[in-house]
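In case you want the letters, here they are:
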Amino acid sequence: MGIGAHVPARRSVTERAVTAVHDTALTRSQAARTGRGIIAELPGFHTGDALASAVLTAAAPQRMAVYDRHVQHVLDAFGLPLTRAPGRYGRYVQLLDDLLRHGAAQADGWTARDIDTALYWTGANPRQPAAT
């Protein structure tokens with residue numbers, strides 16, 4: 001079976017993942033867990049959450065957020081636990097929802113994507129000294 005024969009199956013998996021992250025009957029973290037679980041069926045998406053979260057965020061930017069090592073660095077520095085245990089992406093999105101609910105971010109109209117972008121830039125160069 002050639003490489004092209006797998007395209008319909010991969011397209012089906014991607015379509016199911018996109019549908020899951022757009023499903024407003026699910027909480028954002030449930031949608032993230034579901035989409036992440038589905039996309040794990042694709043080669044290269046079994047481990048790690050950075051690529052999968054980027055794809056899911058591209059599919060639903062108003063609902064999802066990108067997780068990567070920069071974000072993990074900041075979460076660790078802030079004492080916000082996010083272990084590598086299975087389900088990390090769903091727990092990350094839940095953490096963002098918690099931050100949105102308990103902070104001024106909600107009043108300012110921030111989204112989970114806004115917070116993940118802020119976390120990314122905060123952790124993008126951890127060795128650089130802060131400007132004075």
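These notes cover the structure that comes with them. (Residues numbered from 1 in each chain as written. Predicted model: local features only at pLDDT ≥ 70, side-chain atom pairs only at ≥ 80, totals over all residues. Heavy atoms only, no water.)

Overview of the pattern of salt bridges
- One pass over the structure, following the stated rule, counts six salt bridges.
- The partner of Glu41 in a salt bridge is Arg16, and the shortest N-O contact between them spans 2.6 Å. Note that Glu41 is positioned in the loop between α2 (28-39) and α3 (50-59) and Arg16 in helix α1 (residues 7-22), a separation of 25 residues in sequence.
- Asp97 is paired through a salt bridge with Arg28; the nearest N and O atoms lie 2.7 Å apart. Placement of Asp97 in helix α5 (residues 88-102) and of Arg28 in helix α2 is noted, with a sequence separation of 69 residues between them.
- The buried category is assigned to Asp97, whose relative accessible area is 10%.
- Taken together, the shared-partner salt bridges connect Arg36, Asp49 and Arg88 into one network. (Salt bridge = Lys/Arg side-chain N within 4 Å of Asp/Glu carboxyl O. Helix = DSSP H or I, 4+ residues; strand = E, 2+ residues; numbered from the N terminus. Buried < 20%, exposed > 50% of the residue type's maximum accessible area, 1.4 Å probe, protein only.)

A look at the nonpolar core
- Grouped together as the largest cluster of nonpolar side chains are 29 residues, with contacts concentrated most on Met64, Tyr89, Tyr92 and Leu119.
- Broken down by secondary-structure element, the contributors of at least two residues to this core are α1, α2, α3, α4 (69-77), α5 and α6 (112-123).
- Looking at this core element by element, the count peaks at six residues for α5.
- Residues contacting Met64, with those up to four places away along its chain left out, are Val21, Arg28, Ala31, Ala32, Leu56, Thr57, Tyr89 and Arg113. (Core = buried A, V, L, I, M, F, W, Y, C linked by side-chain atoms within 4.5 Å. Contact = heavy atoms within 4.5 Å.)

With respect to the environment of Arg11
- Mapping Arg11 onto the fold places it in helix α1.
- With 31 residues separating them in the primary sequence, Arg11 and Leu42 have C-alpha atoms 9.7 Å apart.

A few points about α5
- Between its terminal C-alpha atoms α5 stretches 21 Å, which fits the 21 Å expected from 15 residues at 1.5 Å a residue.
- Listed in full, the buried residues belonging to α5 are Arg88, Tyr89, Gly90, Tyr92, Val93, Leu95, Leu96, Asp97 and Leu100.
- Its buried side turned inward, α5 meets α2, α3, α4 and α6. (Expected span 1.5 Å × (residues − 1).)

Points about the side chain of Arg63
- Relative to the helices and strands, Arg63 resides in the loop between α3 and α4.
- Despite its burial, Arg63 pairs with no opposite charge, the nearest such side chain being Asp23 at 6.1 Å.
- Reaching out from Arg63, the side chain makes a polar contact with the backbone oxygen of Asp23 at a distance of 2.9 Å.
- Apart from the residues lying within four places of it in its own chain, the contact partners of Arg63 are Val21, His22, Asp23, Thr24, Leu26, Thr27, Arg28 and Ala31. (Lys, Arg positive; Asp, Glu negative; His and termini not counted. Polar contact = N/O pair within 3.5 Å; in protein donor to acceptor, adjacent residues only side chain to side chain.)

Observations concerning the environment of Pro61
- Inspection of the secondary structure assignment puts Pro61 in the loop between α3 and α4.
- Using a relative accessible area of 40% as the deciding quantity, one classes Pro61 as partly exposed.
- Note: C-alpha distance between Pro61 and Arg113 (52 residues apart in sequence) is 6.9 Å.

Focus on the packing of α4 against α6
- Contact geometry of α4 with α6 gives a least axis separation of 7 Å together with a crossing angle of 85 degrees. The pairing of α4 with α6 is recorded here as roughly perpendicular in orientation. Seen from α4, the contacting residues are His70, Val71, His73, Val74 and Leu75; seen from α6, they are Asp116, Leu119, Tyr120, Thr122 and Gly123.
- By residue class, the composition of the contact of α4 with α6 is five nonpolar, four polar and one charged. (Axes fitted to C-alpha atoms, helices over the stretch in contact; angles between N-to-C directions. Parallel < 35°, antiparallel > 145°, perpendicular 65-115°, else oblique. Nonpolar A, V, L, I, M, F, W, Y, C, P; charged D, E, K, R; others polar.)

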